[in-house]
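Letter by letter, the chains look like this.
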Amino acid sequence: MVSIKKSGLIVAASLLLLLASACGGSGSGGNAQEPANNGGKQAEQSNSASNTTTENAKDTTAESKKIVLGFSQVGAESGWRTANTKSIQDSAKEAGFELKFSDAQQKQENQIKAIRTFIQQKVDVIAFSPVVESGWDTVLKEAKDAGIPVILTDRAVDSPDDSLYKTFIGSDFVEEGRRAGQWLVDRFKDSTEEINIVELQGTTGSAPAIDRQKGFAEVIAANPNLKVIASQTGDFTRAKGKEVMQSFLKANKKIDVLYAHNDDMGLGAIQAIEAAGLKPGEDILIITVDGVKDGFVAASEGKINFIVECNPLLGPQLMQAVQDVVDGKEIEKRIVTEEGVFTSEDAKRELPNRKY
C-alpha cells in the first residue's frame, strides 16, 4: 500500500510540475511577444526610412533628369526679337526646363562659340536662330557627334545635310515676301504709270532677308510697271533703316513705295520721310514685315499701309519640340507658324489685342 501511495504522490507531483511548466510557457510566450512587437515596430521604422530614402532618390533622379536646353539668340536688334526672346524664356520656365541662354549680338562667331560651349556642358538639346544661313556644317557635326540634337528656330541654314538638325520652327519667309508683293500688285493692277520701289533688306546673308526679297520679286514680276530702283540692307535695325532711307531720298527724286523687311527698319524710314517733309503712307506707300506693336501703332495712324505678320511667339512650339525630341518621338522636319496680314484699317481694330 505504501508503495502505491508513494507512486500516487509521484504522479501528482509530476502533474503539478507539468501544469506549472505550461503556465510558465504561456507567460514566457507573452513576454516573448513584447520583443516581437518591438521588432515589428523596428521593421516598420526601417521600412519607413527605406521608403523615405527611395522617395528622396526619386526626387534626386527627377531633378537630375531635368531637361537642359542651350539656346543661342541672334541678338536684340528689334522689337520682334525682344518678344521672341521673352517667349522662349517664359516658355522654358513654364515647361520646367533649365535654359542656358546666349546673346550672339548679331555675330556668327559668337553663336558658334556658344554652341560649342553647350556641347561641352552636355546639354540635352541645342536650339538657335542663326544669324546667317551659311557656315554651320562644322559646328553642327560636332553637336551630332556628341549626340546632342539641334533645333533651328526662326531662321534656317543652307546645309545640304538636313540630318544635322531635327527640325526648323518658324515662318515661311518666301511666302511673307509674296504676300507683300501681292498687296502691291493688287493695289496697282489698274495703273499704267511706273511705280518706283525702294527696298530695305534685312541682315545680309540671313534667311529672312534672302527669302523676303525673293518672294517679293517673284510676285511683282507680274506687273512690269513695278520696279525696284534701290535695295540696300538696313540690318533689321531702326537706326540703320533711317540712315539708308535718307540716302534713298537723296539719290532718287521719285519714290512711290518702300518695302521694308521688318517693322523696325520701316519705323526708322518713317522718321527720314517725315524729316524730308513727306507724308509716310501717302506720299510714299509703306509695306513692312513682322507686326510688332510699334508697327501696328504706325499702321493705325496710316503711316504704314500694309503689314505682313511674322509671329515671334515661338516659345511654346519650341518647348514642345524639345520635349518630343528628348522623348524619342518623331517630329516634322518643318514646323510653320500661322500668321496673317493687316491693312491700316485692320491694324486699328487689332492694336488693342497685340501681345508684342
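Conventions adopted
Residues numbered from 1 in each chain as written. Predicted model: local features only at pLDDT ≥ 70, side-chain atom pairs only at ≥ 80, totals over all residues. Heavy atoms only, no water. Helix = DSSP H or I, 4+ residues; strand = E, 2+ residues; numbered from the N terminus. Buried < 20%, exposed > 50% of the residue type's maximum accessible area, 1.4 Å probe, protein only. Contact = heavy atoms within 4.5 Å. Pairing = 2+ DSSP bridges. Right-handed = clockwise from strand over helix to strand, strands pointing away. Salt bridge = Lys/Arg side-chain N within 4 Å of Asp/Glu carboxyl O. pLDDT = per-residue confidence, 0-100. Axes fitted to C-alpha atoms, helices over the stretch in contact; angles between N-to-C directions. Parallel < 35°, antiparallel > 145°, perpendicular 65-115°, else oblique. Nonpolar A, V, L, I, M, F, W, Y, C, P; charged D, E, K, R; others polar. Left-handed = near helix turned anticlockwise from the far one by under 90°. Phe/Tyr/Trp six-rings, centres within 6.5 Å; stacked < 30°, edge-to-face > 60°.

Observations concerning the overall build of the chain
Then comes step 1: Per the secondary structure count, the chain includes 11 helices and 12 strands.
Then comes step 2: By the burial criterion, 46% of the 356 residues in the chain qualify as buried.
Then comes step 3: Look at the contacts in the chain between residues 6 or more apart in sequence, and 75% of them connect residues 24 or more apart.

Digging into the pairing of strand S3 (residues 125–128)
Then comes step 1: Of the two faces of S3, both are covered, the one formed by Val125 and Ala127 as well as the one formed by Ile126 and Phe128.
Then comes step 2: Here strand S1 (residues 68–73) pairs with S3 via four bridges, running parallel. Residue pairing in the sheet places Phe71 in a bridge with Ala127 of S3.
Then comes step 3: The pairing of S3 with strand S4 (residues 150–153) spans three bridges and is classified as parallel. Following the sheet pairing, Ala127 is matched in S4 by Ile151.
Then comes step 4: Of the crossover connections in this fold, the one passing from S3 over helix H4 (residues 137–145) to the parallel S4 is right-handed.

Focus on the pattern of salt bridges
Then comes step 1: Applying the stated criterion to the full structure yields 23 salt bridges.
Then comes step 2: We note a salt bridge from Glu77 to Arg155, for which the minimum N-O separation is 4.0 Å. Highlighted residues: Glu77 in the loop between S1 and helix H2 (79–95) and Arg155 in the loop between S4 and strand S5 (167–170), separated in sequence by 78 residues.
Then comes step 3: According to the relative accessible area criterion, Glu77 is buried, its value standing at 10%.
Then comes step 4: Put simply, Arg212 and Glu176 hold a salt bridge, and the shortest N to O gap is 2.8 Å. Residue Arg212 is located in helix H6 (residues 207–220), and its partner Glu176 is located in helix H5 (residues 173–187); the two are separated by 36 residues in the primary sequence. Neither residue differs from the other here; Arg212 and Glu176 are each classed as buried.
Then comes step 5: A single network of salt bridges, built from pairs that share partners, joins Glu77, Arg81, Asp154 and Arg155.

Topic: the confidence of the model for the chain
Then comes step 1: In the predicted model, the chain carries a mean pLDDT of 87, and the fraction of residues at 70 or more is 82%.
Then comes step 2: In this model residues 1–63 is a low-confidence stretch, pLDDT under 50, and it forms zero contacts with partners more than four residues away in sequence or in other chains.

Remarks on the environment of Lys141
Then comes step 1: Relative to the elements of secondary structure, Lys141 occurs in helix H4.
Then comes step 2: On a C-alpha basis, the gap between Lys141 and Asp161 in space is 9.7 Å, while along the polypeptide they are 20 residues apart.

A look at the packing of helix H3 (residues 108–120) against H4
Then comes step 1: Where H3 contacts H4, the axes come no closer than 10 Å and their chain directions differ by 10°. Taken together, the axes of H3 and H4 are roughly parallel relative to one another. When H3 is examined against H4, the residues Ile112, Ile115, Arg116 and Ile119 are found in contact with a partner set consisting of Thr138, Val139, Glu142 and Ala143.
Then comes step 2: Residue composition of the contact of H3 with H4, by class: five nonpolar, one polar and two charged.

Details of the sheet that holds S5
Then comes step 1: Spatially, S2-S1-S3-S4-S5-S11 is the arrangement adopted by the six strands of the open sheet, whose pairing is parallel. Looking at which strands have only one partner, the edges of the open sheet turn out to be strand S2 (98–103) and strand S11 (334–336). Each strand axis lies, on average, 20° off the axis of its neighbour in the sheet, ignoring direction.
Then comes step 2: Here S1 runs beside S2; their pairing, made up of six bridges, is parallel. Across the sheet, residue Phe71 finds its bridge partner in S2, namely Phe101.
Then comes step 3: Along the sheet face, helix H10 (residues 315–326) touches S1, S3, S4, S5 and S11 and points at about 165° away from the line of S4.

Things to note about the packing of H2 against H10
Then comes step 1: It is at 8 Å that the axes of H2 and H10 come closest, and there the two elements cross at 45°. As the angle between them shows, H2 and H10 are arranged oblique. For the element pair H2 and H10, the recorded crossing hand is right-handed. Each of Ser87, Ile88, Ser91, Ala92 and Ala95 in H2 lies in contact with H10, whose residues at this interface are Gly315, Pro316, Leu318 and Met319.
Then comes step 2: The residue inventory of the contact of H2 with H10, partitioned by class, reads six nonpolar, three polar and no charged.

Some thoughts on the packing of aromatic side chains
Then comes step 1: All chains considered together, the criterion is met by five aromatic pairs.
Then comes step 2: Measuring from centroid to centroid gives 6.0 Å for Phe71 and Phe101, while their planes differ by 25°, and the two rings are stacked. With Phe71 in strand S1 and Phe101 in strand S2, this residue pair connects regions lying 30 residues apart in the sequence.
Then comes step 3: We classify Phe71 as buried; its relative accessible area is 0%.
Then comes step 4: Pairing Phe216 with Tyr259 gives two aromatic rings, centres 4.0 Å apart and planes at 20°, and the pair type is stacked. You can see Phe216 sitting in helix H6 and its partner Tyr259 sitting in strand S8 (residues 257–260), a full 43 residues away along the chain.
Then comes step 5: When its relative accessible area of 0% is taken as the criterion, Tyr259 is described as buried.

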